[in-house]
Amino acid sequence: MELYFHSLLKGLNLKTTPRRIALLEILDDEQGYLSPEDVWMRMKRKFRSLGLPTVYRNLEELHEGNIISRVIHPDRKLYYYFCRNEEHHHHFVCVSCRRVEDLNFCAGREMEKLVVEGIRGRVLSHILQINGLCSECVLKEGAVSDE
Ligand SMILES: [Zn+2]
Ligand SMILES: [Zn+2]
Ligand SMILES: [Zn+2]
């Protein structure tokens, strides 16, 4: 487990420190996405004097290195998610319970065609994320509205 994190950090030329490992472990243990404050609260159990700005910085460096992804949430707050799936894929994000599911499908190719043929431009990268309610939250919503 720790060896895996070590190789991820090494790929970014980042030193393996107990803090970075702890941060990755916290994100890895979570089935859904976390805010920097959530991560900070959990980190503080082990690193008492740790400040929130450091957590922000550590999360951002991992995001810039493509190790963790940033979730674009309708509440406009910042959230991060760690995913072990290294294939190109996209995420379904439950806006209610914070669950994240992998969508092993990419519509980028077809949209690229629209850019090249329609706009005559060139695609450099794309961001795709589906926001919604997961199956459990859909059931809960149904239970509430039936009453
Ligand atoms: Zn949900
Ligand atoms: Zn994923
Ligand atoms: Zn894609």
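Source: prediction; values computed, not measured.

Some details on the overall build of the chain
1) Next: When its secondary structure is counted, the chain shows six helices and five strands.
2) Next: Going from N to C terminus, the chain has its helices and strands arranged as α-α-α-α-β-β-β-β-α-β-α.
3) Next: Based on the C-alpha atoms only, the size of the chain along its principal axes is roughly 50 × 50 × 25 Å.
4) Next: Split into buried and exposed, the 147 residues of the chain put 16% on the buried side.

Topic: the domain arrangement of the chain
1) Next: Entries for the chain in the domain assignment read domain 1 (1-84) and domain 2 (87-147).
2) Next: If you average the C-alpha positions of domain 1 and of domain 2, the two centres end up 23 Å apart.
3) Next: The partner domain 2 presents 10 residues to the 10 residues of domain 1 that form the contact.
4) Next: Considering every element that reaches the side of domain 1 that touches domain 2, the biggest residue donor is strand S1 (residues 68-72), with three residues.
5) Next: Across the side of domain 1 that touches domain 2, the residue classes break down as six nonpolar, four polar and no charged.

Comments concerning the sheet that holds strand S3 (residues 90-94)
1) Next: With respect to topology, three strands assemble into an open sheet ordered S4-S3-S5, the strand pairing being mixed. Two strands close off the open sheet at either side, each with one partner strand: strand S4 (100-103) and strand S5 (129-132). Each adjacent strand pair in this sheet contributes to an overall mean axis angle of 20°, direction not counted.

A short note on the pairing of S1
1) Next: Taken together, the five bridges between S1 and strand S2 (residues 78-82) define a ladder with antiparallel strand orientation. For Arg70, the partnering residue across the bridge sits in S2 and is Tyr80.
2) Next: In this antiparallel pair of consecutive strands, S1 and S2, the connection spans five residues, and Arg76 shows a positive phi of 65°.

A few points about the packing of helix H2 (residues 18-29) against helix H3 (residues 36-43)
1) Next: The contact between H2 and H3 brings their axes to 10 Å, and the two run at 120°. As judged from the angle between their axes, H2 and H3 are oblique. Here H2 and H3 pass one another in a crossing that is right-handed. Counted together, Ala22, Leu23 and Ile26 of H2 and Val39, Arg42 and Met43 of H3 form the full contact between these two elements.

Brief notes about the environment of Thr17
1) Next: Of note, Thr17 is situated in the loop between helix H1 (2-11) and H2.
2) Next: The exposure class assigned to Thr17 is exposed, which follows from the 11 C-beta atoms found within 10 Å.
3) Next: Sequence separation between Thr17 and Ser96 is 79 residues; the distance between their C-alpha atoms is 33 Å.

Topic: the nonpolar core
1) Next: Counting 20 residues, the largest nonpolar core has Leu27, Tyr33, Leu34, Val39, Leu59, Ile68 and Tyr80 as the members making the most contacts within it.
2) Next: Breaking this core down by element, the ones donating at least two residues are H1, H2, H3, helix H4 (52-64), S1 and S2.
3) Next: Those residues in contact with Leu59, other than ones at most four positions away along the chain, are Pro36, Val39, Ile68 and Tyr80.

Quick word on the packing of H3 against H4
1) Next: The contact between H3 and H4 brings their axes to 9 Å, and the two run at 115°. The hand of the H3/H4 crossing is right-handed. Residues Pro36, Val39, Trp40 and Met43 of H3 lie in contact with H4, whose contacting residues are Leu52, Val55, Tyr56 and Leu59.
2) Next: Grouping the constituent residues of the contact of H3 with H4 by class yields eight nonpolar, no polar and no charged.

Criteria and cut-off values
- Residues numbered from 1 in each chain as written.
- Chains lettered and ligands numbered in written order.
- Predicted model: local features only at pLDDT ≥ 70, side-chain atom pairs only at ≥ 80, totals over all residues.
- Helix = DSSP H or I, 4+ residues; strand = E, 2+ residues; numbered from the N terminus.
- Buried ≥ 20, exposed ≤ 12 C-beta atoms within 10 Å, placed from the backbone.
- Domains from an automatic or database assignment.
- Contact = placed C-beta atoms within 7 Å.
- Nonpolar A, V, L, I, M, F, W, Y, C, P; charged D, E, K, R; others polar.
- Pairing = 2+ DSSP bridges.
- Axes fitted to C-alpha atoms, helices over the stretch in contact; angles between N-to-C directions.
- Parallel < 35°, antiparallel > 145°, perpendicular 65-115°, else oblique.
- Left-handed = near helix turned anticlockwise from the far one by under 90°.
- Core = buried A, V, L, I, M, F, W, Y, C linked by C-beta atoms within 7 Å.

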